[in-house]
Amino acid sequence: MKQILLIVIASIFFILGCTQPSIEDKTLVLTYKAFGPPSMSGHLLGVEWFQWQSHGGSRPREYPVKVVVYKDAPLEELEAAYPIDEALEKDFRYVEYTAAINYFDKNVHELEEMAKEGFTMGDLSSELVETKSLIVEALGK
């Protein structure tokens, strides 16, 4: 009887372990630029150049910095799946889902207020709304 009970308990843990979502199911990887200009996103993401540099280069350059938006994932798991590697120029910024949503809500609201006052920011507001929609679609509410 004890053996059957142990087998049942082990089976339950095995099944539960198999149904855990992967790190890819808990994350969405976006470009740094998807969060708007650095003057807007810098406080959330840090500088737009590589984080291991003390400053950006003197020549204009695209830095392939990626932003990992995550929900219900431990930081250690994120760092293992999306490691920062200076030699390979892989730079990731990790942003928790709620922080990302709050960021987009706040900045879209501010852009709408600026538009009411006559300041136009082109398509920036709609681009931010689109990025927020991608995040919500990928990671849920």
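Anything mentioned here points back to the structure above.
None of these values were measured; they are calculated from a predicted model.

A word on the overall build of the protein chain. Looking only at helices and strands, the protein chain has 5 helices and 3 strands in total. Each helix and strand of the protein chain, placed in order from N terminus to C terminus, yields the pattern α-β-α-β-α-β-α-α. Residues counted as buried form 29% of the 141 residues belonging to the protein chain. Within the protein chain, contacts between residues separated by at least 24 positions form 72% of all contacts whose residues are at least 6 apart in sequence. For the protein chain, the accessible area works out to roughly 9,500 Å², and carbon and sulfur atoms hold 59% of it.

This part is about the nonpolar core. Looking at soluble globular proteins, one finds that nonpolar side chains tend to be buried together. Formed by 24 residues in total, the largest nonpolar core has its most connected members in Leu-30, Phe-35, Val-69, Leu-128 and Ile-135. Mapped onto this core, the elements with two or more residues apiece are β1 (27–31), α2 (38–45), β2 (65–70), α4 (97–116) and α5 (124–139). In terms of residue count, α4 provides more of this core than any other element does, 7 residues in total. With residues near it in sequence (within four places) discarded, Ile-135 still touches Leu-28, Leu-30, Val-69, Tyr-97, Ala-100, Ile-101, Phe-104 and Gly-140. Ile-23, Tyr-70, Ala-73 and Tyr-82 belong to the second largest nonpolar core, which has 7 residues in total.

Analysis parameters
- Residues numbered from 1 in each chain as written.
- Predicted model: local features only at pLDDT ≥ 70, side-chain atom pairs only at ≥ 80, totals over all residues.
- Heavy atoms only, no water.
- Helix = DSSP H or I, 4+ residues; strand = E, 2+ residues; numbered from the N terminus.
- Buried < 20%, exposed > 50% of the residue type's maximum accessible area, 1.4 Å probe, protein only.
- Contact = heavy atoms within 4.5 Å.
- Areas by Shrake-Rupley, 256 points an atom, 1.4 Å probe, with all protein chains shown as cover.
- Core = buried A, V, L, I, M, F, W, Y, C linked by side-chain atoms within 4.5 Å.

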